[in-house]
Amino acid sequence: MLTKKGKYGLKALVHLARLPAGQLAFVGDIATGNNIPKKFLDAILGELRNAGFVQSRKGKEGGYRLARSADEIKIGHVVRVLDGPLAPIPCASRTRYQRCEDCNEATCQVRHLMLEVRQAIAEVLDQRSLAEMRDIAGDDDLSAALKIQA
Amino acid sequence: MTGRANSIIPNSIVIVGGGASGGVLAAHLLKSPNPDLRVTLIEKRPHFGQGIAYSTLLSAHVLNVSAAGMSAYADDPGNFWRWLLERGLATPEQAPVYAPRSVYARYLKELLDELQARETGRLRLIREESLSISPTGSGAEVTLANGTSVVAHLAVLATGHDEEPGAGQGHAIRMGSEADTALDPEARVLVLGTGLSMVDAFLSLEQRGHRGEIIAVSRRGLLPSPHRKGNPIKLDVADIPLGTQLSYFVGWFRGLIRENQKAGTDWRDVVDGLRPFNQKIWQNWPPSAKRRFVEHTKAWWDIHRHRMAPQVYARVTEAVQSGRIRLVAGRVVGITAGDEFTVEVQSRHTQNIETFDVARIYDCTGIARDISTTSNSVVRSLVDRGLARPDPLRLGLDVSDNCEVIASDGTVSAKILAVGPLTRGTFFEIDAIPDIRAQCARLSRRLLG
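A.B. asks: Explain unusual backbone geometry here, please?
C.D. replies: The general pattern is negative phi for most residues beyond glycine and trans for most peptide bonds. Residues and elements named next belong to chain B. Here the amide bond leading from alanine 95 into proline 96 is cis, since omega sits at 0 degrees, within 30 degrees of zero. Take proline 96: it is sitting in the loop between helix 2 (79-86) and helix 3 (101-118). In this model, phenylalanine 428 sits at a positive phi of 65 degrees, which is unusual for a non-glycine residue. On the secondary structure map, phenylalanine 428 appears in the loop between helix 11 (424-427) and helix 12 (433-448). Of the residues examined, phenylalanine 428 has 21 C-beta atoms within 10 Å and is grouped as buried.

A.B. asks: Quick question: what am I supposed to make of the interface of chain B and chain A here?
C.D. replies: Interfaces are often described in size by the accessible area the parts lose on coming together. Each partner contributes to the interface: chain B provides 15 residues, whereas chain A provides 22 residues. Counted by class, the side of chain B that touches chain A contains eight nonpolar, four polar and three charged residues.

A.B. asks: Sorry if this is basic, but what is going on with the pairing of strand 13 (residues 360-363) of chain B here?
C.D. replies: Both faces of the sheet carry side chains from a regular strand, because those side chains alternate between them. Residues and elements named next belong to chain B. Burial along strand 13 is two-sided: the residues Arg360 and Tyr362 and Ile361 and Asp363 are all buried. The sheet contact formed by strand 8 (residues 189-192) and strand 13 spans four bridges and is parallel. Across the sheet, the residue bridging to valine 189 is arginine 360, located in strand 13.

A.B. asks: So what exactly am I meant to see when it comes to the sheet that holds strand 12 (residues 353-358) of chain B here?
C.D. replies: Remark on secondary structure: sheet strands pair via backbone hydrogen bonds, oriented parallel or antiparallel. Residues and elements named next belong to chain B. The mixed open sheet is built from six strands, whose spatial order is 12-11-10-9-8-13. Two strands close off the open sheet at either side, each with one partner strand: strand 12 and strand 13. Averaged over all pairs of adjacent strands, the angle between strand axes in this sheet comes to 40 degrees, irrespective of strand direction. Relative to strand 12, strand 11 (residues 341-347) runs antiparallel, the two being bridged by six bridges.

A.B. asks: Looking at this structure, I do not really get the nonpolar core. What am I missing?
C.D. replies: A general tendency of soluble globular proteins is for nonpolar side chains to be buried together. If you look at the biggest cluster of nonpolar residues, it comprises 100 residues, and the most contacted ones within it are B:Ile15, B:Val16, B:Val156, B:Val191 and B:Ala418. Not counting chain neighbours up to four residues away, the residues in contact with B:Ala418 comprise B:Val156, B:Leu157, B:Leu397, B:Val399, B:Cys403, B:Val405 and B:Thr423. Core analysis: the next-biggest nonpolar cluster, separate from the first, contains 31 residues, A:Ala31, A:Leu45, A:Phe53 and A:Val54 among them.

About the cut-offs
Residues numbered from 1 in each chain as written. Chains lettered and ligands numbered in written order. Predicted model: local features only at pLDDT ≥ 70, side-chain atom pairs only at ≥ 80, totals over all residues. Helix = DSSP H or I, 4+ residues; strand = E, 2+ residues; numbered from the N terminus. Buried ≥ 20, exposed ≤ 12 C-beta atoms within 10 Å, placed from the backbone. Contact = placed C-beta atoms within 7 Å. Nonpolar A, V, L, I, M, F, W, Y, C, P; charged D, E, K, R; others polar. Pairing = 2+ DSSP bridges. Axes fitted to C-alpha atoms, helices over the stretch in contact; angles between N-to-C directions. Core = buried A, V, L, I, M, F, W, Y, C linked by C-beta atoms within 7 Å.

Below is the structure:
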């Protein structure tokens, strides 16, 4: 399940992916531009920095930028860092397994199917790059039109 | 969609190198029902299927993987174990069995003999040295030392590990090479490396009746761990952080080991549980993470991941305790050759320089070396002509995820491919049979359907 944290993190990365290479963005600008609470965003960007997806610079001219090019960063890689193992329900994870109070995991058909679903989630999210996600943004009519033409 | 430009099924494939990886690839290719398939295997050594890894006759040189993991076939993992049982070389209650490598060489030889008997039209073995590979209009041509050549639609390099020590190893020689002449049994020797190759060298020296002190030097002075019977933990790719910086991944992995150990699981089961994903993890890392791994983390990883049979471990640790082997963490800063060699080693911990007078220096630094300085003439001539290039970390040849060799200008070759240890830069752990057979199975499926 994509949490708010995961969603905000992806939006922040799309924001950074739209900047000219090397240019930094203020946390405040990313927060207001994407409707993200600033304190939460600080924490999210800190985690993305630890994982090596963004770089930060301190001080007046400081801010964040992507640490690698947007087509090298895969969406699945980012989601695992922010939300942990990809899983449609909490019991469908090997390392962050959370037992359901109300069922037996050995015989639970729902869990078995959901374990399969998580493989499919990984397959989709690990194939798609941040650059691809940026370019399917619905608010940019021109780029959408160009994409259709191409 | 079937409209791929190179969707023609190659009927003739020549494999340069008839050691373990070449033999395993031939076996997988010949699973294809195509009656027009022609597979040619070229090997310069007297025996097919052995290569360097399995040519040792010493019974103490056992496989570093238990028999259950050593089948030549990706889709029949019990093949080698059944072969041992059928010949009375093991019994079911003995598992896990670490068979002598010479027995494994016999397994591969019999497998190829059987294939040759059955596939008279489709498999050809040539005992000759290959000199070079050149792309032609419709495929590739392999030039042999006897002046003839073999032409095929595709050429696959399977030349494995380098036979000569890397450049810059100075006076060090390889155990068992021509330079490894008779030695005073009491002489003190120095071994560069403390990993599995050092262990092999120690066992060879013991066998020869050598009794002198063995100084083993590596950056960290760490000995590989022993195997223990266990059950790898179950992981899915969805559980594993991919594409992060190295420190993040290492933090995650250490945490995973800690949690599992708290629950009573052995660390080996965590390391082994990650194995199916090792290539994927490697391939998704940014170049900076790969470089850091090779420089800082690999030594630590190797001693946990590449383990030895428990009985070998017992012998080695006994030798360390008795002072016969001395492990030194440091680096060689100087070698002076006289009647003996005077080797200066700077300690990793104290920075002090200690001097050792030794009769011989063995190179057991392992298998990784800069490919552009390889002693293999086929590989070197490809690099020299720009038809191949080292991968960015210079661990092997630069190849695509489909095993296609990449030229110096970045062009991906449709005619020259590579499998096995040569492809380390792209496939990371591709030195052991379980990984090589999976690579060969995938390549065969892609080439022949």
